[in-house]
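Spelled out from the first residue to the last, the chains are:
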Amino acid sequence: MHTSLLLEMGAEAFPERVAIGTLENGVTYAGLLERARGAAGWFNTQHLDTVVFIGLNGPALSAAVFGSALAGKPFAPLNYRLSDPDLRKLLARTAPSVAIVDDDMIERVRGVEGVTLLSRTDFAAACRHVDYQTAELAEVDPDIAVLLFTSGTTGEPKAAVLRHRHLTSYVISTVEFMGAGEEEAALVSVPPYHIASISAVLTGVYSGRRAVYLPSFTPETWVDVAAFEKVTHAMVVPTMLGRILEVLEKRNERLPHLRALSYGGGRMPQPTIEHALKLLPQVEFVNAYGLTETSSTISVLGPEDHRMAITSDDPAVRRRLGSVGKPLPSLEVEIRGPEGEKLGPGQAGEVYVRGEQVAGEYLHRKAIQDDGWFPTNDAGWLDEEGYLYLEGRLDDVIVRGGENISPGEIEDVLRGHPGVADVAVLGVPDDRWGERVAAVVAPREPAPSVEELSEWVRARLRSTKTPETWEFRPELPYNETGKLLRRVLKQELAEAASRPRSD
Amino acid sequence: MNLKPGSRWKSSVCTAEVVVVKPPKGEVSLECGGASMVALSEQKPEGLAVDPAHASGVQTGKRYFDEETGIEVLGSKPGAGSLAVNGRPLQLREAKALPASD
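Predicted, not measured: the structure shown is a model, and the values here were computed from it.

> Before we move on, can you summarise the interface of chain B and chain A with the specific residues and values?
Listed as interface residues are 18 residues of chain B and, on the opposing side, 30 residues of chain A. When chain B packs against chain A, close to 1900 Å² is buried across both sides, 64% of that on carbon and sulfur atoms. Three residues stand out in chain B for area buried against chain A, namely Leu98(B), Ser101(B) and Asp102(B), and they jointly supply 34% of the buried area on that side. Linking chain B to chain A there are 2 salt bridges. The residue Arg8(B) makes a salt bridge to Glu8(A) at a minimum N-O spacing of 3.9 Å. Between chain B and chain A we count 6 residue pairs in polar contact (both at pLDDT 80 or more) in total. Those elements that provide at least two residues to the side of chain B that touches chain A are strand S2 (17–22) and strand S7 (72–77) of chain B.

Here it is as structure tokens:
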């Protein structure tokens, strides 16, 4: 099934309903389909294998996603935050292609061989041109819908392949067609090159929930737009939520129209979500776990789970606030050990997933197994009730004397200390234990002592999880998409550990 | 009928259209309003009407399935006829509502 059919169904059933933007001046379903047809008509006049998108969020994103689908070309949004040389290198890999580029970014990518540039202004004009809108569109077999370059922390970015069937299966199995009320509006603030942004375009039009775009995130503008547009739904990553809460408190704003806030894309610090639940009692919180390779969400901790966890005295229920909930009913999740054997409840291993939305494929390489199971490279475990707990990337798990130790758990505890602004916990080589636990701390003034932090962890976890090596730095290294460069830190610490001690 | 996933079919007797989500096991006849459906790109046969025994309708965005053959289709355009395979009515898949996560 084609992703463009999702829009065609909406446009057929509710042509006058607003799909994107404000209720007064937004683009209707019929209008969006016209623009997508215009885009496809123009793409068909060009020589291209791929449609590239380099720019901020906005209505053009939806037109470009559906236009590419109608023209039968993969849509590849690139990360405009990359350095110019990296961005150009990535763009060159898409040739022959057409790149829709924000007007103020076009100079950065001019002159890449095999790439036709189209400014965002010119793209908008092509979308509105009646000749392109009415051009005959040949029937195309649904194949690759989206190429997303994963922001790996090492090596060349990999191009994750999502086919039309993966994305449509995700949409129709998780979203009710036109199930949203006319007053509902979703605030989209994740950048276009993130899977959550692509899935928001698709689930948005299918659910009938009007999409309001925030071109570039700041917590202040997010709150401004959410209040002004009477936003009812939004998805944020954990760091965004912490900053949004600060603005809400400072302004004494509580966003009365906001009903549902979902979060994902990283580990949510427990204090942040507890604070959010108290500050916004009318809001339903949803924790969603998913990967680019799985067409977005594969497990969900729903509003009822949040309420039960926050009000429960039972530690097993309360800790669910730190889980990513239960797998979607449309797919299967298993935990497996190093030999590929299936593990039982409470046993940590690698998270495997199987289902129709799971692509598990990169350009020129399949990572999905022949039986449909996809190893996520995430470490985790399921509890007796089927709630999934994540421990970070498999390579990041510390193995100390045969015991698997999750860095995330220790980082959460340390982040709860008032003297810790940021922290990374990782394993460094150790002659006795194989690996030992090391912590790199960016302190707040006044900086806490090693003894104080060790005691803080030991009192809350146990002694084997207490870091034995400590380092203090003004800040931690991140890549341009905000992912911690764990491997860089690990290497630096390993090198420091192997040097002979001077004392 | 080559009912492969993603293939689109229209009713011979009403305005309904569907897209195949899951293919059936083995050869089946997909029907709407009591008559065989035709591929979207093909000509409809003329002079047929909705059989009153198969007239409970197709709705856009609803999924219909048959337990025995495993076929599942999604309504993409509404119509008066209802769906069946080999004369056996398809059942409506009651989707469990999931909280919005994107």
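There is more to say, and it comes next.
> Tell me about the sheet that holds strand S9 (residues 88–89) of chain B, and name the residues and values.
Residues and elements named next belong to chain B. The antiparallel open sheet is built from 4 strands, whose spatial order is S4-S3-S8-S9. Because the sheet does not close on itself, it has two edges, and the strands there are strand S4 (35–36) and S9. Judged from the 2 bridges that link them, strand S8 (residues 83–85) and S9 form a sheet pairing that is antiparallel. Across the sheet, residue Val85 finds its bridge partner in S9, namely Arg88.

> Tell me about helix H5 (residues 120–128) of chain A, and please be specific about residues and values.
By the burial criterion, the buried members of H5(A) are Arg120(A), Phe123(A), Ala126(A) and Cys127(A). Looking straight down H5(A), one finds its buried side chains confined to an arc of 115°; they lie on one side.

> Explain the pattern of salt bridges residue by residue, including any values.
Tallied over the entire structure, the rule returns 39 salt bridges over all chains. A salt bridge links Asp84(A) to Arg108(A); its shortest N-O distance comes to 2.7 Å. Here Asp84(A), found in helix H4 (residues 84–93), pairs with Arg108(A), found in the loop between strand S5 (97–101) and strand S6 (115–119); they are 24 residues apart in sequence, far enough to count as distant. In this structure, Asp412(A) and Arg415(A) form a salt bridge, with 3.9 Å as the shortest nitrogen-oxygen distance. Residue Asp412(A) and its partner Arg415(A) are located together in helix H14 (residues 407–415), separated by 3 residues, close to a single helical turn. The class for Asp412(A) is buried, based on a relative accessible area of 18%. The partly exposed category is assigned to Arg415(A), whose relative accessible area is 30%. If you follow the salt bridges from partner to partner, you end up with Glu8(A), Glu12(A), Arg37(A), Arg8(B), Glu17(B) and Lys77(B) in one network.

> Requested: an account of the domain arrangement of chain A, with residues and values cited.
For chain A, the assigned domains are domain 1 (3–163), domain 2 (288–395) and domain 3 (397–498). Distance between the C-alpha centres of domain 1 of chain A and domain 3 of chain A: 42 Å.

> Residue-level account of unusual backbone geometry, with values.
Residues and elements named next belong to chain A. Each neighbour pair has its own omega, and for Ala95 with Pro96 the value is -5°, a cis peptide bond. Along the polypeptide, Pro96 turns up in the loop between H4 and S5. Backbone geometry at Lys230 places phi at a positive 50°, although glycine is not the residue there. Within the secondary structure, Lys230 sits in the loop between helix H9 (219–228) and strand S11 (233–236). You can call Lys230 partly exposed: its relative accessible area is 46%. One non-glycine residue, Ser295, adopts positive backbone phi at about 55°. Tracing the backbone through its elements, the reader meets Ser295 in the loop between strand S13 (284–291) and strand S14 (296–301).

> Describe the pairing of strand S10 (residues 210–213) of chain A, listing the residues and the values that go with them.
Residues and elements named next belong to chain A. Of the two faces of S10, both are covered, the one formed by Arg210 and Val212 as well as the one formed by Ala211 and Tyr213. Of the strand pairs in this sheet, strand S9 (residues 185–188) and S10 are connected by 4 bridges, and their pairing is parallel. Bridge assignment links Leu187 to a residue of S10, and that residue is Val212. In this fold, S9 hands off to helix H8 (residues 195–207), which returns the chain to S10; that crossover is right-handed.

> Tell me about the sheet that holds strand S16 (residues 331–336) of chain A, residues and numbers included.
Residues and elements named next belong to chain A. Within the open sheet, the 4 strands sit side by side as S16-S17-S20-S21. Their pairing is antiparallel. Whereas interior strands pair on both sides, the edge strands pair on one side only; in this sheet they are S16 and strand S21 (388–393). Adjacent strand axes in the sheet meet at a mean angle of 45°, parallel and antiparallel pairs treated alike. Across 5 bridges, the pairing between strand S20 (residues 374–382) and S21 is antiparallel. Residue pairing in the sheet places Ala379 in a bridge with Gly392 of S21.

> Report on the nonpolar core, specifying residues and quantitative values.
Inside soluble globular proteins, nonpolar side chains tend to come together where they are buried. Residue and element names in this part refer to chain A. Counting residues in hydrophobic clusters, the biggest one holds 117 residues, and the most contacted among them are Phe43, Phe123, Leu202, Tyr206, Trp222 and Phe285. The residues that make up this core include at least three from each of domain 1 (3–163) and domain 2 (288–395). Apart from the residues within four sequence positions on either side, Phe285 is in contact with Leu261, Tyr263, Ile273, Ala276, Leu277, Leu280, Leu301, Gly302, Pro303 and His306.

What counts and what doesn't
All residue numbers here refer to positions counted from 1 along the written sequence of the relevant chain. Chains carry letters and ligands carry numbers; both start at the beginning, A for chains and 1 for ligands, and go up in the order they are written. For a predicted model such as this one, the threshold for reporting local features is a pLDDT of at least 70, and the threshold for listing and counting side-chain atom pairs is 80 or more; totals across whole chains, interfaces and linings nevertheless cover every residue. Excluding hydrogens and water, the side-chain values take into account all heavy atoms of the structure. By the convention used here, residues are in contact when the closest approach between their heavy atoms is within 4.5 Å. The term buried area means the drop in 1.4 Å probe accessible area that two parts suffer when joined, counted for both and summed. In the sections that follow, a salt bridge refers to a side-chain nitrogen of Lys or Arg positioned within 4 Å of a carboxyl oxygen of Asp or Glu. N or O atoms within 3.5 Å of each other form a polar contact, as long as, within protein, one can give a hydrogen and the other can take it, and as long as residues adjacent in sequence are counted only when both atoms are side-chain atoms. Counting from the N terminus, the helices are DSSP H or I runs at least four residues long and the strands are E runs at least two residues long. In short, DSSP must find at least two bridges between two strands for them to pair. Burial classification: accessible surface area is computed with a 1.4 Å probe over protein chains only, and a residue below 20% of its type maximum counts as buried, one above 50% as exposed, and the rest as partly exposed. Relevant arc is that of directions from the helix axis to the C-beta atoms, nothing else. Each domain span listed reflects an automatic or database assignment of domains. Crossover handedness is defined here as right-handed if the route from the first strand over the helix to the second strand goes clockwise, with the strands pointing away from the viewer. Fitted lines through C-alpha atoms give the axes, limited to the stretch in contact for helices. The angle between two N-to-C directions lies from 0 to 180 degrees. Definition used in this section: a nonpolar core is a set of buried Ala, Val, Leu, Ile, Met, Phe, Trp, Tyr and Cys residues joined via side-chain atoms within 4.5 Å.

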